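# Residue-level structural notes
Now for the letters of each chain:
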Amino acid sequence: MIHAAQRELRFLSQRAPRFRGGPDRAPPPRPAEAPPPGSGSPGRARRRCGRARQTPLLRWRGLQSERSRAWGGESGSGSGSGGGIVGGGIPSSICNCEAYDTRTDRWHMVASMSTRRARVGVAAIGNRLYAVGGYDGTSDLATVESYDPVTNVWQPEVSMGTRRSCLGVAALHGLLYAAGGYDGASCLNSAERYDPLTGTWTSIAAMSTRRRYVRVATLDGNLYAVGGYDSSSHLATVEKYEPQVNTWTPIATMLSRRSSAGVAVLEGALYVAGGNDGTSCLNSVERYSPKANAWESVAPMNIRRSTHDLVAMDGWLYAVGGNDGSSSLNSIEKYNPRTNKWVAASCMFTRRSSVGVAILELLNFPPPSSPTLSVSSTSL
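Residues numbered from 1 in each chain as written. Predicted model: local features only at pLDDT ≥ 70, side-chain atom pairs only at ≥ 80, totals over all residues. Heavy atoms only, no water.

### Observations regarding unusual backbone geometry
Formally: Secondary structure is summarised from DSSP: a helix means a run of H or I of at least four residues, a strand means a run of E of at least two, and numbering begins at the N terminus for each. Whether a residue is buried, partly exposed or exposed follows from its accessible area with a 1.4 Å probe, protein chains only, as a fraction of its type maximum: under 20%, in between, or over 50%, in that order.
A positive phi angle is found at N152, which is not glycine, with a value near 55°. Here N152 is to be found in the loop between β7 (140–148) and β8 (153–157). By relative accessible area, N152 is classed as partly exposed at 22%. At E267, a residue that is not glycine, the phi angle is positive and equals roughly 50°. Assignment of secondary structure puts E267 in the loop between β17 (262–266) and β18 (269–273).

This is the structure we're talking about:
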């Protein structure tokens with residue numbers, strides 16, 4: 001599973017231990033922000049450890065300082081080499097993070113974010129992991145911070161123009177995109193993008209639909225906003241953003257309504273796993289072919305998951321954490337498209353829903369026999 005470089009999967013944590021009103025329901029302190037009712041059905045029992053949390057997704061590859069070099073290692077752009085990361089909160093938001101070493105199938109704690117963040121968007125460009133917006137337990141955030149795996153340090157970045165939690169975030173062509181979400185008063189259809197070279201955010205065309213609990217991925221140079229919740233219903237609609245013309249257009253509707261689903265790209269197809277349809281958590285999975293503009297079902301996950309994340313790595317899809325309708329999860333399972341089967345992987349230390357995952361490629365990791373992982377001693 002590990003090619004040229006030694007790898008590590010990292011995760012930042014995001015939200016809550018146990019939600020009483022369904023996996024998409026916001027924490028009690030903010031009733032106005034609570035998503036629609038939808039009681040989840042618990043999935044198959046599994047080994048669990050640690051406390052419950054919630055989190056966001058992102059991916060990363062290599063040390064690249066110029067945008068042209070960063071294009072190959074952006075969030076949602078296909079199967080990656082490296083690891084991932086998770087971050088975020090619980091009913092009281094948290095900021096701790098953990099990392100997964102694919103060589104040893106072991107988890108390690110890494111530096112915490114400087115700000116407590118639940119429902120945060122996560123993506124990576126070059127050698128930086130970005131935590132975008134979210135909810136700190138009091139208010140929705142416009143702030144952004146980035147993580148350097150070489151120094152194991154988080155640092156502040158320029159804030160977005162709009163406060164956003166429950167947003168979709170992805171990187172495309174060296175730019176960081178933030179779409180939809182919730183600003184503390186209403187669901188959003190606005191979108192903006194960040195240029196890390198100039199440190200500026202710019203508004204782009206708004207989506208045709210307001211989307212909260214939306215997931216975003218990139219495929220064939222376009223950005224896809226998948227499902228979500230528009231303040232009245234869970235959505236099966238999907239729209240595609242073409243940066244060359246600054247336009248969103250609808251594509252084929254998914255087979256199921258899904259908010260807080262896991263979204264990733266693998267081998268030229270867009271996969272959507274789990275989520276909430278307004279009635280229960282889902283374990284069903286479907287994939288989209290851009291050539292056929294059509295969705296088809298594939299094998300379901302072993303566990304019902306909502307507010308989890310999905311990431312592609314080394315030809316597999318990894319479904320990380322989430323909520324099964326009764327409690328937050330620390331379990332992970334992975335999908336092999338060649339056999340159309342899901343199998344279990346090592347559990348995280350901490351139960352995490354609203355989780356975010358990033359793929360990185362780091363060199364000179366400690367040997368697999370090392371008892372601990374020191375990110376500060378690694379290089380890209």
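### Thoughts on the sheet that holds strand β14 (residues 222–226)
We apply this condition: Each pair of strands is called paired provided DSSP finds at least two bridges between the two strands. Structural elements are reduced to axes, namely lines fitted to C-alpha atoms, with helices fitted over the stretch in contact, and the angle between N-to-C directions of any two is expressed from 0 to 180 degrees.
Taken in spatial order, the four strands line up as β13-β14-β15-β16 in an open sheet, and their pairing is antiparallel. Edge positions in the sheet fall to β13 (215–219) and β16 (247–250), since each has one partner strand and no second. Here the strands of the sheet are splayed against their neighbours by 25° on average, with no regard to which way each runs. Relative to strand β15 (residues 238–242), β14 runs antiparallel, the two being bridged by four bridges. Along β15, the bridge assignment pairs V226 with V238.

### Here's the deal with the sheet that holds strand β9 (residues 168–172)
Ordered by their spatial adjacency, four strands build an open sheet running β9-β10-β11-β12, and the pairing between neighbours is antiparallel. The sheet terminates laterally at β9 and β12 (200–204), the two strands that pair on one side only. Across the sheet, the mean angle separating the axes of adjacent strands is 25° when strand polarity is ignored. Direction of pairing for β9 relative to strand β10 (residues 175–179): antiparallel, over a ladder of five bridges. The partner of L172 across the bridge, within β10, is L175.

These figures capture arrangement, not role.
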